[in-house]
Amino acid sequence: MSDIRWAFESFGVRVCIESNEAEPIERVKEVADYSLLSRLSEIDPQLAYHNFHITKVGDTYSSGLDGEDFGDNPDLGSLLKYIGSRIRILVAEHASNIVFVHAGVVSWKGKAIVIPGTSHSGKTTLVAELVKLGAVYFSDEYALFDADGTVHPFPRPLAIRERSDPSIRADVDVRELGGNAGTGSASVGLIYFGKYRKNSEWMPETVSPGVGIIELITHTIPMRVNSEFALVTLKNAVKGATMVKTDRGEAEATAEKILHFIDNTDN
Amino acid sequence: MNNSQKPVARHSGLVVQEMPGEVLVYDMDSNKAHCLNETAAMVWRSCDGNSSVEDIVRSFERNSGTKVSEDLIWLAIDQLSSNGLLAEKVESKFAGQSRREVLKKIGFASVVALPVIASLVAPQSVLAFTSCTCNPGQPVGCTPQVPAGCGSNCSGGGVCV
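(A) Quick look at the overall build of chain B. Along chain B, the regular secondary structure elements total four helices and four strands. Order of helices (α) and strands (β) in chain B, N terminus to C terminus: β-β-β-α-α-α-α-β. In chain B, once contacts between residues fewer than 6 apart in sequence are set aside, the share between residues at least 24 apart is 49%. As presented, chain B carries roughly 7700 Å² of accessible surface, and 52% of it is formed by carbon and sulfur atoms.

In structure tokens form, the structure reads like this:
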């Protein structure tokens with residue numbers, strides 16, 4: 001019987017975690033805090049809409065979220081790592097007043113450069129190179145748009161993959177790259193769509209606002225849950241922004257091209 | 001469908017945003033997003049259930065100030081229908097012809113932009129946005145969850161490899 005409960009609210013999303021043991025609850029507090037960059041506050045568990053459970057049965061832990069069963073896992077550490085990522089996605093999907101888009105973001109001369117992309121698309125590597133060139137770090141995972149379309153920082157440590165084994169990632173503080181994390185919001189200057197392709201040339205083609213939004217939708221986390229708000233927010237986000245599409249070669253050279261491009265574009 | 005029939009634009013279950021020269025439509029039933037260019041959008045707006053194809057041609061010509069062929073309007077209606085943007089599907093006027101043939105025929109004769117509807121489906125699961133983190137409790141749980149680039153098996157360390 002689960003009888004220990006802890007709940008928090010983050011970006012308007014109310015989440016409860018319950019367990020029949022104290023240890024998972026104590027550790028999940030740290031995990032949630034890390035996953036959401038401390039942007040959470042404790043609430044009364046009765047106010048929560050979403051419920052995780054972690055139940056110790058013998059030597060293993062069974063777990064789940066609302067009606068979904070995560071299965072059994074004997075290793076609490078790896079289970080909590082998974083639950084941390086699920087907490088972040090849950091908040092990103094159901095956040096009120098903020099639209100989470102899967103993207104790397106930096107700001108350059110006060111304007112945001114947004115690089116939408118899936119995992120393994122090279123966002124973090126490119127963001128790291130932009131930071132090394134002086135851009136202000138916002139995020140390597142999410143662009144957080146408010147209703148006006150302004151981007152807010154979500155500066156988690158950069159999850160840099162090892163070249164020899166991309167499944168291994170190390171958290172790198174942006175200061176280790178010689179950069180700084182953004183503290184204020186920025187309007188969007190450039191949205192860049194493209195994938196790494198060996199030996200690709202940087203040949204940007206401008207895309208129309210409508211087509212750009214269609215591309216953004218594929219990376220917009222609450223699109224199915226909160227379609228209308230997400231669409232209006234994206235529309236506001238692209239106002240005044242330049243949107244380009246091109247494959248890219250190595251991140252170091254691409255970062256230079258991006259900054260050169262934005263410096264020579266009026267918007 | 002013949003020219004006497006009157007296509008009706010679908011409105012239910014859609015989120016619509018007008019933009020300069022484009023219309024964005026998000027279909028909450030299919031979770032598909034569409035971007036209609038000006039030509040497609042003008043035809044869509046004219047599909048009011050009271051106007052025949054001939055009426056739509058006249059309306060288009062009035063609004064654009066340009067002569068257009070009936071085939072161009074039909075091309076737009078075909079695309080609107082196949083993308084689920086009409087209340088009822090219409091039978092394609094160009095059945096049996098390849099899209100390339102149709103575009104070639106209409107494109108050469110047209111001075112206005114051909115109707116274009118760009119469409120993409122929103123990702124099926126929010127889990128598609130995860131990194132390659134997985135739950136070792138479900139060692140094969142990666143397959144439906146992970147984005148391209150992650151493997152399909154969950155390692156003991158909680159990474160899809």
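(B) Fine view of the overall build of chain A. Helix and strand content of chain A: six helices and 16 strands. For chain A, the residues scored as buried account for 55% of the 267 residues in total. Contacts in chain A between residues at least 24 apart in sequence constitute 67% of all its contacts with a sequence separation of at least 6. For chain A, the exposed area adds up to about 11400 Å²; of that, 47% sits on carbon and sulfur atoms.

(C) Region of the structure containing the confidence of the model for chain B. Residues and elements named next belong to chain B. For chain B, the average pLDDT comes to 80, and 71% of its residues sit at 70 or higher. Here helix H4 (residues 99–109) stands out as the element of chain B with the lowest mean pLDDT, 74, in contrast to strand E2 (residues 22–27), whose mean of 96 is the highest. Counting contacts from residues 143–149, a segment whose pLDDT is below 50, to residues more than four positions away or on other chains yields 16 contacts.

(D) Structural view of helix H3 (residues 123–132) of chain A. Residue and element names in this part refer to chain A. Counting buried positions over the 10 residues of H3 gives eight, a clear majority of the element. Lys123, Thr124, Leu126, Val127, Ala128, Glu129, Leu130 and Val131 are the residues of H3 that are buried. For H3, the elements touching its buried residues are strand E7 (98–108), strand E8 (111–116), strand E9 (136–139), strand E12 (158–161), strand E14 (187–193) and helix H6 (251–263). Gly134 lies just past H3 and shows a positive phi near 110 degrees.

(E) Just the packing of aromatic side chains, in detail. Residues and elements named next belong to chain A. Tallied over the full model, the rule gives nine aromatic pairs over all chains. Consider the rings of Trp202 and Phe261, whose centres lie 6.3 Å apart with planes at 75 degrees: the pair is edge-to-face. Linking Trp202 in the loop between E14 and strand E15 (205–206) with Phe261 in helix H6, this pair joins segments that are 59 residues apart in sequence. Members of the aromatic cluster, joined through ring pairs, are Phe11, Phe100, Tyr142 and Phe154.

(F) Highlighting the sheet that holds E2 of chain B. Strands sit in the order E1-E2-E3-E4 (chain B) across an open sheet of four strands; the sheet is antiparallel. Edge strands, defined here as strands with exactly one partner in the open sheet, are strand E1 (14–19) and strand E4 (117–121) of chain B. Each strand of the sheet is rotated relative to its neighbour by a mean of 15 degrees, with strand direction disregarded. Relative to E2 of chain B, E1 of chain B is paired through six bridges, and the arrangement is antiparallel. If you follow Val15 of chain B over to E2 of chain B, its bridge partner there is Tyr26 of chain B. Along the sheet, helix H5 (residues 227–238) of chain A contacts E1 and E2 of chain B; its crossing angle with E1 of chain B, the most-contacted strand, is approximately 15 degrees.

(G) Structural view of the pattern of salt bridges. Residue and element names in this part refer to chain A. Scanning the model with the defined rule gives 18 salt bridges over all chains in all. With its nearest N and O atoms 3.4 Å apart, the salt bridge here joins Glu26 to Lys29. Residue Glu26 and its partner Lys29 are both found in helix H1 (residues 22–35); the two are separated by three residues, about one turn of the helix. Residue Arg86 is joined to Glu68 by a salt bridge in which the shortest nitrogen-to-oxygen separation is 2.8 Å. With Arg86 in helix H2 (residues 76–94) and Glu68 in strand E6 (residues 68–73), the pair connects residues that are 18 residues apart, well separated along the chain. Salt bridges sharing common partners tie together Arg88, Asp140, Glu141 and Arg156.

(H) Region of interest: H5 of chain A. Residue and element names in this part refer to chain A. The first and last C-alpha atoms of H5 sit 17 Å apart over 12 residues, in line with the 16 Å expected at 1.5 Å per residue. Counted residue by residue, H5 has nine buried out of 12 residues, so it is predominantly covered. Among the residues of H5, Ser227, Ala230, Leu231, Thr233, Leu234, Lys235, Asn236, Ala237 and Val238 are the ones counted as buried. One or two steps after H5, the chain reaches Gly240, where phi turns positive at roughly 80 degrees.

(I) Quick peek at the packing of helix H4 (residues 209–217) of chain A against H5 of chain A. All names here are of chain A. Running from N to C, H4 and H5 point in directions that differ by 125 degrees, and their axes come no closer than 10 Å. For the element pair H4 / H5, the angle class is oblique. In terms of crossing hand, the pair formed by H4 and H5 is right-handed. Where H4 abuts H5, its residues Pro209, Ile213, Leu216 and Ile217 lie against Leu231, Leu234, Lys235 and Val238. Here the contact of H4 with H5 is built from residues that sort into seven nonpolar, no polar and one charged.

(J) Up close: the side chain of Asp71 of chain B. Residues and elements named next belong to chain B. Structurally, Asp71 is set in helix H3 (residues 70–82). Residue classification places Asp71 among the buried positions, given a relative accessible area of 15%. Residues in contact with Asp71, not counting those within four places in the same chain, are Lys93, Phe94, Lys105 and Ile106.

(K) Highlighting the packing of H3 of chain A against H6 of chain A. Residue and element names in this part refer to chain A. Where H3 contacts H6, the two axes come as close as 8 Å, and the packing angle between them is 60 degrees. Compared by their axis directions, H3 and H6 come out oblique. For the pair H3 and H6, the sense of crossing is right-handed. From H3, Thr125, Leu126, Glu129 and Leu130 reach across to H6, where they touch Ala251, Glu252, Thr254, Ala255, Ile258 and Leu259.

Parameters and conventions
- In this convention, every chain numbers its residues from 1, walking through the sequence in written order.
- Chains carry letters and ligands carry numbers; both start at the beginning, A for chains and 1 for ligands, and go up in the order they are written.
- Totals for whole chains, interfaces and linings use every residue, but because this is a predicted model, local features are given only for residues with pLDDT of at least 70 and side-chain atom pairs only at 80 or more, for both listing and counting.
- Side-chain figures throughout are based on the complete set of non-hydrogen atoms in the structure, without hydrogens or water.
- Under the DSSP-based scheme used, a helix requires at least four consecutive residues in state H or I and a strand at least two consecutive residues in state E, with every element numbered from the N terminus.
- Only heavy atoms matter for contacts: two residues are in contact if any of them lie within 4.5 Å across the pair.
- Working definition of accessibility: Shrake-Rupley area with a 1.4 Å probe, residue cover restricted to the visible protein chains.
- Categorising residues by exposure relies on relative accessible area from a 1.4 Å probe, with only protein chains included: less than 20% of the type maximum marks a residue as buried, more than 50% marks it as exposed, and the intermediate range marks it as partly exposed.
- Each residue gets a pLDDT score, which is the predictor's confidence in that residue and runs from 0 to 100.
- For this analysis, a ring pair means two rings from Phe, Tyr or Trp (six-membered ring only for Trp) whose centres lie within 6.5 Å, classed as stacked if their planes differ by under 30 degrees, edge-to-face if by over 60, and tilted for the remaining angles.
- A pair of strands is treated as paired once DSSP finds two or more bridges between them.
- Axes, fitted as lines to C-alpha atoms, cover a helix only where it is in contact. Angles between the N-to-C directions of the axes lie from 0 to 180 degrees.
- Salt bridges are defined as contacts in which a side-chain nitrogen from Lys or Arg sits within 4 Å of a carboxyl oxygen from Asp or Glu.
- To estimate how far a helix should extend, the number of its residues minus one is multiplied by 1.5 Å.
- By definition in this entry, angles of less than 35 degrees are roughly parallel, angles greater than 145 are roughly antiparallel, angles of 65 to 115 are roughly perpendicular, and the rest are oblique.
- Working rule for handedness: look at the near helix, and if it is turned counterclockwise from the far one by less than a right angle, call the crossing left-handed; if clockwise, right-handed.
- Throughout, the ten residues Ala, Val, Leu, Ile, Met, Phe, Trp, Tyr, Cys and Pro are labelled nonpolar, Asp, Glu, Lys and Arg are labelled charged, and all others, Gly among them, are labelled polar.

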